[in-house]
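Spelled out, the chains give:
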There are 2 protein chains.
Amino acid sequence: MAPVNTILDRKLVFHSLGAVSEGLRMAEATCQQRGLQFTEIRRSVLECMWQSGQPIGAYELLRMLGQKFGRPLSPPTVYRALEFLQEQGFVTRIETKNAFVPCAFPDRDHACVFFICDQCGNSFEVQNAKAEALFEEDAGNLGFRIDKRVIELQGACASCLSLEATGN
Amino acid sequence: MAPVNTILDRKLVFHSLGAVSEGLRMAEATCQQRGLQFTEIRRSVLECMWQSGQPIGAYELLRMLGQKFGRPLSPPTVYRALEFLQEQGFVTRIETKNAFVPCAFPDRDHACVFFICDQCGNSFEVQNAKAEALFEEDAGNLGFRIDKRVIELQGACASCLSLEATGN
DNA sequence: GCACGAAATGTTATAACGTTGCATATCGAA
DNA sequence: TTCGATATGCAACGTTATAACATTTCGTGC
């Protein structure tokens, strides 16, 4: 492991199961504060995402919710909930997977870097202020105004690499 | 405009019309060198993409090629050509648009940053070695091996911003 | 409580994007 | 020219996402 100071200016979060209830509480509190409805569907969608621990597709959410509610839901229902959760910063879309993850940094402006393991499917979310600054510099040179950043780095995570090394 | 030295370590390319024939020549030469077939379909797909000047979807390519060939082509035909062109580094997929652009840096390992204007649709491709180094550092700390980078920055380009400023 | 507008959800259909599987044709080298 | 490898044709299907409109629920002022 690298020395601690190299990651001092970054926070790092693994989408672990332990974060489920905390993530939900946070979202609920934020909605209340903003005067928005944290409805059962929205809550359930977010809950499924935290429980999944991996990027999860809209149609898989649809199936899970169908089970949970005991009746079939339709795509617009799920997509509307996802749209709301994204607007509020509770959820981020993983473009390279057509899938969604609960956001570990809802406070910040979604300038996160995602490391996505192609083998196990896990995603790791990192904030990297220096990279943001570099992109802003490029943007300045181009006269470009950045509204949204999508940074997805695909490859193999530490645990999959070590499994590979020990002979699969 | 910012001082030149801030972009010294980067190349910058606008997907301009003038680059069409050069892009095609380069692809053809590279295929010959690699012993690969630069067939009419592959060539036509790449040509459409260079001519478009913007990220272009597979089904729009399909329509354009249908016109050009005077008969309808099927989705697999286009997707197979796109797959080939991506493998050879002539084309990059823009994940946030489900679209494709001809690659301005086919020699490098696709570690490009795309600035994509939401208003006019144009895309700008930039190489930023420093950002790459930062991500590699993060990856090192995570024990992660990066195989593929997707970096797409959405917003408003200089010309659209200036149009906006002068009263739409 | 109730009336009313705003917000959320239900429902149906369809658009947009991408893949599978197998048949046929073309290329390139022995 | 024969044969394997590569490329294309083609039909059907799978997946992801949205449009359009009806209905229900929520929150507020009376």
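Quick notes on the rules
- Residue positions are counted from 1 within each chain, in the order its sequence is given.
- Each chain gets a letter, beginning with A, and each ligand a number, beginning with 1, in the order they are written.
- Totals for whole chains, interfaces and linings use all residues, but because this is a predicted model, local features are given only for residues with pLDDT of at least 70 and pairs of side-chain atoms are given and counted only at 80 or more.
- Heavy atoms from the whole structure form the basis of all side-chain values; hydrogens and water molecules are not counted.
- Two residues form a contact once any of their heavy atoms are found within 4.5 Å.
- Each of two parts loses accessible area, computed with a 1.4 Å probe, when they are put together; buried area is these two losses added.
- By salt bridge we mean one thing: a side-chain nitrogen of Lys or Arg within 4 Å of a carboxyl oxygen of Asp or Glu.
- Think of pLDDT as the predictor's per-residue confidence, scored from 0 to 100.
- Note on conventions: DSSP H or I runs of at least 4 residues are helices, E runs of at least 2 residues are strands, and numbering of each starts at the N terminus.
- Only buried residues count toward a nonpolar core, which is a set of Ala, Val, Leu, Ile, Met, Phe, Trp, Tyr and Cys residues joined through side-chain atoms within 4.5 Å.
- Working definition: with a 1.4 Å probe on protein chains only, accessible area under 20% of the residue-type maximum means buried, over 50% means exposed, and in between means partly exposed.
- Superposition of the copies was done by least squares, using only C-alpha atoms of residues whose pLDDT is at least 70 in both.
- Given the number of residues in a helix, its expected span is that number minus one, multiplied by 1.5 Å.
- As used here, the arc is the angular range of directions from the helix axis to the C-beta atoms.
- For this description, a residue counts as near a given molecule or strand if any of its non-hydrogen atoms is within 4 Å of it.
- Identification of polar contacts relies on pairs of N or O atoms within 3.5 Å, with a donor-acceptor requirement for protein atoms, meaning one able to donate a hydrogen and the other able to accept it, and with residues adjacent in sequence counted only if both atoms are side-chain atoms.
- In this count, Pro and Cys sit with the nonpolar residues alongside Ala, Val, Leu, Ile, Met, Phe, Trp and Tyr, while Asp, Glu, Lys and Arg are called charged and the others, Gly among them, polar.
- Axis angles are defined between N-to-C directions and span 0 to 180 degrees, where every axis is a line fitted to C-alpha atoms and, for a helix, only to the segment in contact.
- For classification purposes, angles smaller than 35 degrees are called roughly parallel, those larger than 145 roughly antiparallel, those between 65 and 115 roughly perpendicular, and all remaining angles oblique.
- When the near helix sits turned anticlockwise from the far one by under a right angle, the crossing is termed left-handed; a clockwise turn instead gives a right-handed crossing.

Caption draft 1: Just the interface of chain A and chain B, in detail. Taken together, the contact between chain A and chain B spans 44 residues of the former and 43 residues of the latter. Of the roughly 3,700 Å² buried at the junction of chain A and chain B (both faces included), carbon and sulfur atoms supply 61%. Summed over the three residues of chain A that lose the most area to chain B, namely Asn141, Leu142 and Phe144 of chain A, the buried surface amounts to 18% of that side. In this structure, the connection of chain A to chain B is made through 2 salt bridges. Its salt-bridge partner being Glu164 of chain A, residue Arg145 of chain B comes within 3.9 Å of it at the nearest N-O pair.

Caption draft 2: Representation of the confidence of the model for chain A in the model. Residue and element names in this part refer to chain A. Taken as a whole, chain A shows an average pLDDT of 87; of its residues, 86% reach a score of 70 or greater. Mean pLDDT values over the elements of chain A span from 60, in strand S1 (residues 12-14), up to 98, in helix H4 (residues 75-87). Segment residues 1-10: pLDDT under 50, and 15 contacts once partners within four positions in sequence are set aside and those in other chains are kept.

Caption draft 3: Highlighting the nonpolar core. With 32 residues, the main nonpolar core has Phe115, Phe135 and Phe144 of chain A together with Phe115, Phe135 and Phe144 of chain B as its most contacted residues. Those elements that place two or more of their residues in this core are strand S4 (112-117), strand S5 (123-127), helix H5 (129-142) and strand S6 (145-156) of chain A together with strand S4 (112-117), strand S5 (123-127), helix H5 (129-142) and strand S6 (145-156) of chain B. Filtering out sequence-adjacent residues up to four positions away, Phe135 of chain B remains in contact with Val113, Phe115, Asn128, Ala131, Phe135, Ile151 and Leu153 of chain A together with Ile146 and Ile151 of chain B.

Caption draft 4: Structural context of the relation of the copies chain A and chain B. With an RMSD of 0.1 Å, the fit of chain A onto chain B corresponds to turning through 180° and sliding 0.1 Å along the axis. Seen this way, the second copy is the image of the first under a two-fold rotation axis. Among all residues of chain A, the minimum C-alpha distance to the rotation axis is found for Ile151 of chain A, at 2.3 Å.

Caption draft 5: Structural context of H4 of chain A. Residues and elements named next belong to chain A. The end-to-end C-alpha distance of H4 is 18 Å, a good match for the 18 Å that 13 residues give at a rise of 1.5 Å each. Among the residues of H4, Thr77, Val78, Ala81, Leu82, Phe84 and Leu85 are the ones counted as buried. Taken around the axis of H4, the buried residues stretch over an arc of 160°, which confines them to a single face. Every exposed residue of H4 that faces more than 90 degrees away from the buried side is listed here: Arg80 and Glu87. Within two residues after H4, Gly89 carries a phi angle of roughly 80°, on the positive side.

Caption draft 6: Layout of the pattern of salt bridges. Residues and elements named next belong to chain A. With the rule as written, the count across this model stands at 14 salt bridges over all chains. A salt bridge links Lys148 to Glu95; the nearest nitrogen and oxygen atoms lie 3.6 Å apart. Here Lys148, found in strand S6, pairs with Glu95, found in the loop between strand S2 (91-94) and strand S3 (99-102); they are 53 residues apart in sequence, far enough to count as distant. For Lys148, a relative accessible area of 37% puts it in the partly exposed group. Take Glu95: its relative accessible area is 8%, and that puts it in the buried class. Residue Arg145 pairs with Asp147 through a salt bridge whose shortest N-O separation is 3.0 Å. The exposure class assigned to Asp147 is partly exposed, which follows from its relative accessible area of 40%.

Caption draft 7: Representation of the protein's contact with DNA strand C. Close to DNA strand C lie 17 residues; Thr39, Ser74 and Arg80 of chain A together with Tyr59 and Arg93 of chain B are nearest. Those atoms of DNA strand C that come within 4 Å of the protein belong to sugar or phosphate at a rate of 49%. The separation between a phosphate oxygen of DNA strand C and a polar side-chain atom of Arg42 of chain A is 3.0 Å. In this structure, a base nitrogen belonging to DNA strand C sits 2.7 Å away from a side-chain N or O atom of Arg80 of chain A. Split into classes, the residues belonging to the surface near DNA strand C amount to 6 nonpolar, 6 polar and 5 charged.

Caption draft 8: Focus on the protein's contact with DNA strand D. Among the 16 residues in the neighbourhood of DNA strand D, the closest are listed as Tyr59 and Arg93 of chain A together with Thr39, Arg71 and Arg80 of chain B. In DNA strand D, atoms within 4 Å of the protein come 53% from sugar and phosphate. Between DNA strand D and Tyr79 of chain A there is a distance of 2.8 Å, counted from a phosphate oxygen to a side-chain nitrogen or oxygen. Those elements giving two or more residues to the surface near DNA strand D turn out to be H4 of chain A together with helix H2 (40-52) and helix H4 (75-87) of chain B. The residue makeup of the surface near DNA strand D, split by class, is 6 nonpolar, 6 polar and 4 charged.

Caption draft 9: Seen up close, the packing of helix H1 (residues 20-34) of chain B against H2 of chain B. All names here are of chain B. Where H1 meets H2, the axes come as close as 9 Å, and the angle between the chain directions of the two elements is 150°. As summarised for this structure, H1 and H2 are arranged roughly antiparallel, according to the angle between their axes. Where H1 crosses over H2, the two elements pack in a sense that is right-handed. Where H1 abuts H2, its residues Val20, Gly23, Leu24, Ala27 and Glu28 lie against Arg43, Leu46, Glu47, Trp50 and Gln51.

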